[in-house]
Amino acid sequence: MKKLPIGIQTFSKIREENYLYIDKTKDALELINSYNYAFLSRPRRFGKSLFVSTLKELFEGNKKLFEGLYVYDKWDWEDKYPVIKIGFSGDMRSPEGLKNRLNDILMANQEELGVKCLKIEAYDSCFEELLKRSYQKYQKRVVILIDEYDKAMLDNLDQMEVAKQNREILKAFYGIIKESDKYIKFVFITGISKSAKTNIFSGLNNLRDITLLPKFGTICGYTQNDIETSFLPYLNGVDLRELKEWYNGYNFLSDKVYNPFDILLFIDSSYKFKNYWFNTGTPSFLVKLFREGDYNLATFEYLTVGEELLESFDIENITFETIMFQSGYLTIKDIEEVGDNTFYHLSFQILRSKRVLMTMFYQIIL
């Protein structure tokens, strides 16, 4: 059997080193053929980074990596594009830390693309230069892939002034995309929060939010079919009904999906049922909101909200319900149409998640 890709988010490594890969290239092809600018919100550790890595290898025309996958005989492998990949990690607990990270990202992209910016210290100007020079060098429009676009804000919700300053830095940086449309082939942006609807992406009116589009409901995560086919050899003796009760609870308006982290850790831990995803650390910003709002988590077991609540995210006016949904602690149970209005009934993705989350939160604040 192939090795399990625990903690691996690099498509090339998974394919070259014979790790198990659940084929998401049909979704990738559908996405590319449907939109030029797209945005996806998913909870942490849900496979967003791996999907971004897959898109990068696809646009760069690395055909060998895709042998045996859906897209293999459906893609023009001679039609290659320069790719700018932007992923956020490291210390961004200050505006200076974020600026340094942006400069590091731009430097890495310059080296990979073989182009050089003259305005190295000005991150927004350098981004603009990188786009233009890449377009000129390759005579092809540029692909931009942004992973975890909101991390520099979410990581600082306990120091709101820094979060605001980081938001303005990112707004100026992302604003380059709006001004550079003629150089751009495709843009894909991922994050946890749906600030794509706010002014941080001001002017990108053609940015399509695919978060709750049913045709992309399984773009990240494992489906029941994946469990019963690709994962079946790894689940010898496991009661699949119990596995489903424990881990299949995420609904993005298509087939429900399993969080990959839960399934991989369950198998690696000799089939011990635990809340692996929940136990990997509750975000500090969620704890802060819980403290300040004096919430009773029992009230979230069946919660009804309108579309505007699921769509909204403003660091200066955050609702606990919104961030609970966008962070993956709540999921959609069903939808109700009343006239022209749509209402979503939310709850914990599995009932035992409520107990685990309540225990964690109360232990933290006591």
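Our structure is the block above this text.
Residues numbered from 1 in each chain as written. Predicted model: local features only at pLDDT ≥ 70, side-chain atom pairs only at ≥ 80, totals over all residues. Heavy atoms only, no water.

## What about the side chain of Thr 223?
Relative to the helices and strands, Thr 223 is located in the loop between strand 5 (208-209) and helix 8 (224-228). For Thr 223, a relative accessible area of 13% translates into the label buried. In this view, Thr 223 contacts Thr 218, Lys 256, Val 257 and Tyr 258; residues no more than four positions away in its chain are not counted. (Helix = DSSP H or I, 4+ residues; strand = E, 2+ residues; numbered from the N terminus. Buried < 20%, exposed > 50% of the residue type's maximum accessible area, 1.4 Å probe, protein only. Contact = heavy atoms within 4.5 Å.)

## What to know about the environment of Gly 61
By secondary structure assignment, the location of Gly 61 is in the loop between helix 3 (48-59) and strand 2 (83-87). Since its relative accessible area comes to 8%, Gly 61 is described here as buried. Put simply, Gly 61 and Gly 97 are 36 residues apart on the chain and 34 Å apart in space, counted from C-alpha to C-alpha. Excluding residues within four positions of it along the chain, Gly 61 makes contact with Trp 77 and Lys 80.

## Quick look at the nonpolar core
Ranked by size, the top nonpolar core spans 105 residues in total, and within it Leu 31, Phe 88, Phe 127, Phe 188 and Ile 210 carry the most contacts. With seven residues, the single largest contributor to this core is helix 7 (residues 160-179). Each residue touching Phe 127, except ones within four places of it in the same chain, is listed here: Ile 84, Ile 86, Leu 106, Ile 144, Phe 173, Ile 176 and Ile 177. (Core = buried A, V, L, I, M, F, W, Y, C linked by side-chain atoms within 4.5 Å.)

## Some words on a negative patch on the surface
Taken together, the side chains of Glu 307, Glu 308, Asp 334, Glu 336 and Glu 337 make up a negatively charged region of the molecular surface. Elements that contribute at least two residues to the negative patch include exactly helix 12 (307-311) and strand 9 (330-338). Note on placement: Glu 336 falls in strand 9. On the basis of relative accessibility, which here comes to 37%, the residue Glu 336 falls in the partly exposed class. (Patch = residues over 30% accessible without salt bridge, like charges linked within 9 Å, V, L, I, M, F, W, Y side chains within 5 Å. Areas by Shrake-Rupley, 256 points an atom, 1.4 Å probe, with all protein chains shown as cover. Salt bridge = Lys/Arg side-chain N within 4 Å of Asp/Glu carboxyl O. Lys, Arg positive; Asp, Glu negative; His and termini not counted. Charge placed at Lys NZ, Arg CZ, Asp CG, Glu CD.)

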